[in-house]
Every structure is written in C-alpha cells, then in structure tokens.
Amino acid sequence: MADIARRGADVVVTLTDDEKRWAVRREVAVPLSSVQSMETVTDPIREIHGLSPRTFNMVGIYLPGRLAIGTFFAGFRRKKTFAAVSGD
C-alpha cells in the first residue's frame, strides 16, 4: 500500500516496490496549495471505476475491478489521475 505524507509544501505519495515497477516511478508529489480535497474511502477500487489507460505514453497497469497503478484519464472532462489501488 502506498504511503501518503506531507513533505514541506507538498503532499507526497511514496509507492511500494511492486507499485514502483508498474507505475515506473517512485513517488508522486503534489503542491499542497493544489490539493482541493482528500478523503478516505472504504472501497477504493470502486472509486476508480471508469478510468481508461492513456493511449499514448502509457505507463502502468489496469485490471478493471481489481487493480490500477499508473496514470489515467478520468471523468467527463478526462482529468489526469494517478492511481495506486488494488481490490485486495
């Protein structure tokens, strides 16, 4: 499971070794000033339903209902989303 922490002015998601292999990155850092909201969800795999893997520069894995690690476009406006979620 990825670790989420505040580091200075950033929110940093540090990935596990397996997640690093699929996402081809070690962590994701987002400026705290860019974060509009955060929430804990009980069934995260349901929250990412409908993501579609990027068709260019694809990095990651997506198994519908089971696993999503990487960068995806989500929602009506095709918002860029990074996910590190499993249904385990």
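Residues numbered from 1 in each chain as written. Predicted model: local features only at pLDDT ≥ 70, side-chain atom pairs only at ≥ 80, totals over all residues. Heavy atoms only, no water.

## Thoughts on the overall build of the chain
Right, on to step 1. Looking only at helices and strands, the chain has 2 helices and 7 strands in total.
Right, on to step 2. Overall, the chain shows an N-to-C arrangement of helices and strands of β-β-α-β-α-β-β-β-β.
Right, on to step 3. Looking at the chain residue by residue over its 88 residues, the buried ones come to 27%.
Right, on to step 4. Long-range pairs, those at least 24 residues apart, make up 24% of the contacts in the chain with a sequence separation of at least 6. (Helix = DSSP H or I, 4+ residues; strand = E, 2+ residues; numbered from the N terminus. Buried < 20%, exposed > 50% of the residue type's maximum accessible area, 1.4 Å probe, protein only. Contact = heavy atoms within 4.5 Å.)

## Examining the pattern of salt bridges
Right, on to step 1. The tally for this structure, following the rule as stated, stands at 3 salt bridges.
Right, on to step 2. Here R7 makes a salt bridge to E27, at a shortest N to O gap of 3.1 Å. Taken as a pair, R7 in strand β1 (residues 3-7) and E27 in strand β3 (residues 27-31) lie far apart in primary sequence, 20 residues in all.
Right, on to step 3. Close ionic contact of D18 with R21 constitutes a salt bridge, the shortest N to O distance being 3.1 Å. Taken together, the positions of D18 and R21, both in helix α1 (residues 17-23) and 3 residues apart, correspond to about one turn of that helix. (Salt bridge = Lys/Arg side-chain N within 4 Å of Asp/Glu carboxyl O.)

## Some words on the sheet that holds β1
Right, on to step 1. Taken in spatial order, the 3 strands of this open sheet run β1-β2-β3, and their pairing is antiparallel. Where the open sheet ends on each side, the last strands, each with one partner, are β1 and β3. Sheet twist, expressed as the average angle between the axes of neighbouring strands with direction ignored, equals 20°.
Right, on to step 2. Judged from the 5 bridges that link them, β1 and strand β2 (residues 10-14) form a sheet pairing that is antiparallel. Within β2, the residue paired with R7 across the bridge is D10. (Pairing = 2+ DSSP bridges. Axes fitted to C-alpha atoms, helices over the stretch in contact; angles between N-to-C directions.)

## As for the environment of G8
Right, on to step 1. For G8, the location among the structural elements is in the loop between β1 and β2.
Right, on to step 2. Using a relative accessible area of 59% as the deciding quantity, one classes G8 as exposed.
Right, on to step 3. Between the alpha carbons of G8 and L32 there is a distance of 8.8 Å; along the sequence they are 24 residues apart.

## Some remarks on the confidence of the model for the chain
Right, on to step 1. Of all residues in the chain, 77% have pLDDT values of 70 or greater, and the mean over the chain is 79.
Right, on to step 2. Mean pLDDT per element in the chain: strand β4 (residues 52-53) is the minimum at 56, and β2 is the maximum at 94. (pLDDT = per-residue confidence, 0-100.)

## As for the side chain of E19
Right, on to step 1. Summarising the element assignment, E19 is placed in helix α1.
Right, on to step 2. For the buried E19, no salt bridge is present, and the opposite-charge side chain at shortest range is K20, 8.5 Å distant.
Right, on to step 3. Dropping the residues within four chain positions of it, E19 is found in contact with M1, A2, I69 and A84. (Lys, Arg positive; Asp, Glu negative; His and termini not counted.)

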